[in-house]
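Structural description and commentary
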Amino acid sequence: WCDHHALDLPTRLRLFAEVCRTVQFAHAHMILHCDLKPSNILVRGGVPVLLDFGIARLIDAEAPDTAGGGYMTPRYASPEQRAGQAMSTASDIYSLGLILDELLAPAPDDDAGSGHATRPTSARAVRDGVRWATQLRGDLDAIVRHATEKNPSQRYASAGLIAEDIERYFTHMPLRARAT
């Protein structure tokens, strides 16, 4: 949708912040999506809507370790989800980080399915000639890196904090992602 409408970087970031707030709303109501990916985000009238809660589950310490009997989209799944380990809101946050990485520097087919960018978002953007590549270095790379930390405890504590860091980026305030 973003590519089709030729959205600029600020508009993409604001749209993504809305996606994060939507995921935060789901988490606040004790729901893990468990399959966040671009095709499960519909944009209608400029407003993102989350789709396909088919393998979603309640956030519950007593729940089985994996959602949906192991169903997932490997490219956007967190390391713990791919390993069949216990999932938490950090799992959805990891998926959000991968979506943001791809939104900022669309992955060519040779990077597809890697489950994680092997180089910083800005480096891929420079390599692929993305027009805002130089704007990604620093803060935006830090946001993606913090959301996609391998260790779930090192990721953002909530999807809302990703949206907050995006707002901080626009106002030139220090990011939470840079404090880690």
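Shown above is the structure to which this text applies.
Let us look at the side chain of Asp141. Among the secondary structure elements, Asp141 is positioned in helix H6 (residues 139–147). Here Asp141 sits buried without a salt bridge, and the closest side chain of opposite charge, Arg137, lies 5.6 Å off (N-O distance). A polar side-chain atom of Asp141 sits 3.3 Å from the main-chain amide nitrogen of Thr121. Apart from residues no more than four positions distant in its own chain, Asp141 is found in contact with Pro120, Thr121, Ser122 and Leu136.

Moving on: the packing of aromatic side chains. On inspection of all chains with the given rule, the structure shows one aromatic pair. Each ring, one from Tyr169 and one from Phe170, has its centre 5.5 Å from the other, and the planes form 65°; the classification is edge-to-face. Exposure remark for Tyr169: the relative accessible area of 18% places this residue in the buried category.

Reading guide: rules and limits
- Residues numbered from 1 in each chain as written.
- Predicted model: local features only at pLDDT ≥ 70, side-chain atom pairs only at ≥ 80, totals over all residues.
- Heavy atoms only, no water.
- Helix = DSSP H or I, 4+ residues; strand = E, 2+ residues; numbered from the N terminus.
- Buried < 20%, exposed > 50% of the residue type's maximum accessible area, 1.4 Å probe, protein only.
- Lys, Arg positive; Asp, Glu negative; His and termini not counted.
- Salt bridge = Lys/Arg side-chain N within 4 Å of Asp/Glu carboxyl O.
- Polar contact = N/O pair within 3.5 Å; in protein donor to acceptor, adjacent residues only side chain to side chain.
- Contact = heavy atoms within 4.5 Å.
- Phe/Tyr/Trp six-rings, centres within 6.5 Å; stacked < 30°, edge-to-face > 60°.

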